[in-house]
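This is what each chain is made of:
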Amino acid sequence: MSALFEPLAIGAIAAPHRVLMAPLTRQRAAQPGDLPTDLMRDYYVQRAGAGLIVSEGTQISPEAKGYAGTPGLHSDEQVVAWRRITDAVHEAGGRIAAQLWHTGRVSHPSLHDGALPVSASAVAHDGRTSLFDGDGAVVRVDCPTPRALATDELPRLVEDFAHATRQARAAGFDGVEIHAAHGYLLHQFLSPVSNRRTDGYGATTTGRVRLPLEVVDAVVDAWDPGHVGIRISPLGAFHGLTDDEGAETGLHLAAELALRGLAFLHLSEPDWAGGAALDDDFREKLRTAFPGVIVGAGNYDRPKAEQMLDRGYVDAVAFGRAYIANPDLPERLRHGWPLNDLDKPTVYGGGPAGYTDYPAYAVD
Ligand code: FNR
């Protein structure tokens, strides 16, 4: 049997196989309130066959929001709405973790009553985020120079992650994944490109990993390490963050995470987004730094997944775009059935089209 279909203990989560659903922002939460909807429930239930679903990025506080139409996990109304989804996924036999997200400087004042987005330092992301126009169509807007978080604000930020973790437990999730990848807030602290701080939360590798590790410790305190994972993208170019020290910082962080016994380390690999494929040297060093469960993601198909599993570089694989288009992806991979193509225009925002209408494979 393929290693891809062997069960795996992901911390406290018993996954029946190793085909996971990657976190995927789809911008279909209800407004006002950034509330999960019944349509989102149907979408996740269709994908309950995943070894583990990692939810779309979900903001930990109003300040954390960076895109129109993304859901939150800070208000009690959001907990009630997510509970309907987690209950339905469990009834369908699945497991779902919440991805805890703060977008930092990848955001826009119109999402914050005119206030500037926050970041490690007042360094602009030379790029854009996505809002909706009056008709609900996606429009791309420039991100402004953010406001640097003051040192005495950081405990409040850490508490926002802990609060969202308690909310995730109350909402019936099976665990949480801290989003420290893709150029969002925690990555903005990790990278010297966006972190120019001189207050002990920057300047050196130890300084730059300090806030992300304080967040990890607070989230673990709010639950336990067996229910906590983290996503990182130390190499590549995501939202303006490419840095020469990415490998060193990532490996330093991974070793610290190993000491904390986290359920999993989710490695977002860069080649799906135009970066160079990871080399064996980095994969081996990461494996050594973090002996626990490593989830690989980015440009995987079944042969690559099996190769990386066989070499011991990853323990499970998360699929993104293929999971958007194939609600029954594990079964398709298991049997070698063909995959549906992704319909790009319906990825972000909108309704059921391109969301809940991708068919499962019809067996004759
Ligand atoms: C993503 N990705 C992503 N990553 C993340 O950590 N949080 C998120 O909310 C999202 N949202 C998102 C939306 C869409 C439409 C895409 C295509 C991607 C990245 C995703 O989890 C995954 O790493 C990539 O899609 C690469 O994997 P595939 O698509 O090559 O399997």
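Before reading further, recall that the structure is shown in the block above.
Residues numbered from 1 in each chain as written. Predicted model: local features only at pLDDT ≥ 70, side-chain atom pairs only at ≥ 80, totals over all residues. Heavy atoms only, no water.

Asker: Now, about the overall build of the protein: what can you tell me, with residues and values included?
Answerer: From N to C terminus, the protein includes ten helices and 14 strands. The C-alpha atoms of the protein give 19 Å as radius of gyration, which agrees with the globular expectation for 364 residues (21 Å, within 12%). For the protein, the spread of C-alpha atoms along the principal axes amounts to about 65 × 50 × 35 Å. Burial status across the protein gives 59% buried among its 364 residues. At a minimum sequence separation of 6, the contacts of the protein that also span at least 24 residues come to 71%. For the protein, the exposed surface amounts to about 13,700 Å²; the carbon and sulfur share of it is 52%. Across the protein, the centroid of the 32 positively charged side chains sits 1 Å from that of the 47 negatively charged ones. (Helix = DSSP H or I, 4+ residues; strand = E, 2+ residues; numbered from the N terminus. Rg over C-alpha atoms; globule rule 2.2 N^0.38 Å. Buried < 20%, exposed > 50% of the residue type's maximum accessible area, 1.4 Å probe, protein only. Contact = heavy atoms within 4.5 Å. Areas by Shrake-Rupley, 256 points an atom, 1.4 Å probe, with all protein chains shown as cover. Lys, Arg positive; Asp, Glu negative; His and termini not counted. Charge placed at Lys NZ, Arg CZ, Asp CG, Glu CD.)

Asker: Describe the site of the ligand, naming the residues involved and giving the relevant values.
Answerer: The ligand sits among 17 residues. The nearest are P23, T25, R231, N299 and R321. Placement of the ligand is best described as lying within the largest pocket. Among the residues forming the shell around the ligand, the class breakdown is seven nonpolar, eight polar and two charged. (Near = heavy atom within 4 Å. 1 Å grid on protein atoms, 1.4 Å probe; cavity = no way out; pocket = protein on both sides within 12 Å on 5 of 7 lines; lining within 4 Å. Sits in = over half its atoms within 2 Å of the grid points. Nonpolar A, V, L, I, M, F, W, Y, C, P; charged D, E, K, R; others polar.)

Asker: Can you explain the pattern of salt bridges? Please cite residues and give values.
Answerer: Scanning the model with the defined rule gives 24 salt bridges in all. For R156, the salt bridge is made with E153, and the minimal N-O distance between the two is 3.5 Å. By relative accessible area, R156 is classed as partly exposed at 31%. Look at E153 and you get buried, because its relative accessible area is 16%. Between R156 and D160 there is a salt bridge; the shortest N-O distance is 2.9 Å. Within this pair, R156 and its partner D160 are both found in helix α3 (residues 154–170), separated by four residues, close to a single helical turn. Residue D160 is classed as buried on the basis of its relative accessible area, which comes to 16%. Because the salt bridges share partners, they merge into one network encompassing E63, R147, E153, R156 and D160. (Salt bridge = Lys/Arg side-chain N within 4 Å of Asp/Glu carboxyl O.)

Asker: I'd like a rundown of the pairing of strand β14 (residues 316–319), residues and numbers included.
Answerer: Residues A316 and A318 of β14 are buried on one face, and the alternating residues V317 and F319, pointing to the opposite face, are buried as well. With three bridges joining them, strand β3 (residues 19–21) and β14 adopt parallel strand pairing. Residue M21 lies in a different strand from β14, and its bridge partner there is F319. For strand β13 (residues 294–297) and β14, the ladder comprises three bridges, and the chain directions are parallel. Within β14, the position partnered with V295 by the bridge is A316. Handedness of the crossover joining β13 and β14 through helix α8 (residues 302–310): right-handed. (Pairing = 2+ DSSP bridges. Right-handed = clockwise from strand over helix to strand, strands pointing away.)

Asker: Describe in detail the nonpolar core, supporting the description with residues and values.
Answerer: Core analysis: the largest hydrophobic core is formed by 83 residues, its most contacted members being Y44, L73, I178, L211, I230, L257 and F319. Among all residues touching L211, those that are not within four sequence positions of it are L154, L157, V158, L186, F189 and Y201. V54, A263, V293 and A297 belong to the second-largest nonpolar core, a separate cluster that totals 16 residues. (Core = buried A, V, L, I, M, F, W, Y, C linked by side-chain atoms within 4.5 Å.)

Asker: Can you tell me about the packing of helix α5 (residues 205–222) against helix α6 (residues 246–259), naming the residues and giving the values?
Answerer: Where α5 contacts α6, the axes come no closer than 10 Å and their chain directions differ by 40°. Between α5 and α6, the interaxial angle falls into the category oblique. Of the two elements, α5 crosses α6, and the hand of that crossing is right-handed. Contacts between α5 and α6 involve T205, T206, R208, V209, L213 and V216 on the former and, on the latter, E248, T249, H252, L253, E256 and L257. The residue makeup of the contact of α5 with α6, split by class, is five nonpolar, four polar and three charged. (Axes fitted to C-alpha atoms, helices over the stretch in contact; angles between N-to-C directions. Parallel < 35°, antiparallel > 145°, perpendicular 65-115°, else oblique. Left-handed = near helix turned anticlockwise from the far one by under 90°.)

Asker: So what's going on with empty space enclosed by the protein? Residues and values would help.
Answerer: One pass over the structure, following the stated rule, counts one cavity of 30 Å³ or more. Computed from the structure, the largest cavity encloses a volume of approximately 90 Å³. As for the largest cavity, its lining consists of A180, H187, L190, S191, I232, S233, P234, D243, G246, T249, G250 and L253. Where the lining of the largest cavity is concerned, the elements lending two or more residues are α4 (185–190) and α6. In terms of residue count, α6 provides more of the lining of the largest cavity than any other element does, four residues in total. (Points joined across faces, edges and corners; volume = space filled by probe spheres on them.)

Asker: Which residues make up α5, and what values do they have?
Answerer: Between its terminal C-alpha atoms α5 stretches 26 Å, which fits the 26 Å expected from 18 residues at 1.5 Å a residue. The element α5 is extensively covered by neighbouring structure, given that 13 of its 18 residues are classed as buried. (Expected span 1.5 Å × (residues − 1).)

Asker: Describe in detail the pairing of strand β10 (residues 175–180), supporting the description with residues and values.
Answerer: Among the six residues of β10, six are classified as buried, and the element is accordingly described as predominantly covered. Across the two faces of β10 the burial is the same, with G175, E177 and H179 and V176, I178 and A180 all buried. In this sheet, β10 lies alongside strand β5 (residues 96–101) in parallel orientation, the contact comprising four bridges. If you follow L100 over to β10, its bridge partner there is I178. Summarising the sheet, β10 and strand β11 (residues 228–232) pair through five bridges and their orientation is parallel. Across the sheet, the residue bridging to A180 is I232, located in β11.

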